[in-house]
Amino acid sequence: MKIKVGIVGGAGYTAGELIRILLHHEFVELGAIVSSSSAGSPVYQVHDDLVGETELRFAAELAGDEDVVFLCLGHGNSRAFLEKNPLPETTHVIDLSNDFRLQADREFQDREFVYGLPELNRTRIQQAQSIANPGCFATAIQLALLPLAQAGKLTDDVHVSAITGSTGAGQSLSETVHFSWRANNVSIYKPFTHQHLGEIGESLTQLQPELESEMHFIPYRGNFTRGIFASVYMPSDLTQDEARALYKQFYADAPFTTVSDAEVHLKQVVNTNKCLLHVQKFGKQLLITSVIDNLVKGASGQAIQNMNLLFGLPETTGLNLKSVLF
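Since the model is a prediction, treat every value here as computed from it, not as a measurement.

Enquirer: Lay out the packing of aromatic side chains in plain terms, naming residues and giving numbers.
Expert: A complete count under the given rule lists four aromatic pairs for this structure. Between Phe-100 and Phe-108, the ring centres sit 5.4 Å apart and the planes meet at 50°, which makes this aromatic pair tilted. We note that Phe-100, like Phe-108, is buried. With a centroid separation of 4.8 Å and 75° between ring planes, the pair formed by Phe-250 and Tyr-251 is classed as edge-to-face. In terms of burial, Phe-250 and Tyr-251 fall into one category: buried.

Enquirer: So, the sheet that holds strand β4 (residues 68-71): which residues are in play, and what are the values?
Expert: Pairing within the open sheet is mixed, and its eight strands lie in the order β3-β2-β1-β4-β5-β8-β7-β6. With one partner strand each, in any of the chains shown, β3 (58-59) and β6 (107-108) form the two edges of the open sheet. Here strand β7 (residues 111-115) pairs with strand β8 (residues 130-132) via three bridges, running parallel. Of the residues in β8, the one forming a bridge with Tyr-115 is Ala-132. On top of the sheet, helix α4 (residues 118-126) reaches β7 and β8; it is set at about 150° to β7, its chief contact. Docked against the sheet, helix α9 (residues 296-310) engages β1 (3-8), β2 (28-34), β4, β5 (92-95) and β8, running at close to 160° with respect to β5.

Enquirer: For the pattern of salt bridges, give the residues involved together with the corresponding values.
Expert: When charged atoms on two side chains of opposite charge get close, those side chains can pair. Within the structure shown, the criterion is met by ten salt bridges. For the salt bridge of Arg-226 with Glu-17, the shortest nitrogen-to-oxygen distance reads 2.7 Å. Taken together, the residues Arg-226 in the loop between β11 (215-221) and β12 (228-235) and Glu-17 in helix α1 (residues 13-22) connect sequence positions 209 residues apart. For Glu-199, the salt bridge goes to Arg-101, with nearest N and O atoms at 3.4 Å. In this pair, Glu-199 is assigned in helix α7 (residues 197-207) and Arg-101 in the loop between β5 and β6, connecting sequence segments 98 residues apart. By relative accessible area, Glu-199 is classed as buried at 2%. One network of salt bridges, in which partners are shared, links Glu-17, Arg-20, Arg-226 and Asp-293.

Procedures and definitions
Residues numbered from 1 in each chain as written. Predicted model: local features only at pLDDT ≥ 70, side-chain atom pairs only at ≥ 80, totals over all residues. Heavy atoms only, no water. Phe/Tyr/Trp six-rings, centres within 6.5 Å; stacked < 30°, edge-to-face > 60°. Buried < 20%, exposed > 50% of the residue type's maximum accessible area, 1.4 Å probe, protein only. Pairing = 2+ DSSP bridges. Helix = DSSP H or I, 4+ residues; strand = E, 2+ residues; numbered from the N terminus. Contact = heavy atoms within 4.5 Å. Axes fitted to C-alpha atoms, helices over the stretch in contact; angles between N-to-C directions. Salt bridge = Lys/Arg side-chain N within 4 Å of Asp/Glu carboxyl O.

These figures come from the coordinates and say nothing about function on their own.
Here it is as structure tokens:
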């Protein structure tokens, strides 16, 4: 039996990544790919990297027999879609927006959304009905901090400097994704106020309930298309060897998160569902470098990882993707 998959918001970047990966997932049958702007058109006319890969066409609505529906809608639109289009209780939902990530938003209609970070909530995901997929910055930063939170070692303020590619802003055109603005350029946006801070704080508090540390997060727009490179640092009483051992133990059973002994860079993870971490100590400062592909581990790949867990499959199924260095 194959998993019948539907996708809503099929014309965007995250949907394109879902389609690209799911076409080669041995246990998936791709059904309706809903797009209000492109209904009736071949999928490859929008996602032209799929020319020759599929003859599927965009649909105007779901078929109604889906086992799981991925919502690839803009923030705020997933809740509106489910209000207008209630799905059967037996249909799993994996939402890629921020509509259901925070604890206060996780109960909706008759659904309870589980926060879909497998390295944190694997068992709960396996038993879930609906999943709130984490944000891209949130994924990279949380994976850099979870081992310290579990050990109760987040006792000082945390500083984060992280840069993301232009695809993180979505497909809609704006000044800051225009080529002539973005090329050969770097800029700060939403300093100290980024929307992913809420979900990060809730996850860290889940592991370290008495957490009082503040997080100082400066996000940057990069002049590249894909990837997140995050530098996370804070004072720590751990030695470098103790910290590395802590991280390797925490992620020993995490197939996509690897603690590297060598420094890491973006090209190692682009096009993959990997997160690579590197841990260093400089004086009193512990520095954790975290790199992911914002569209894969930061969005669609992680959503498929969650789907695999929901349906009792090995979480690596369909996700054995390799990066391209050159």
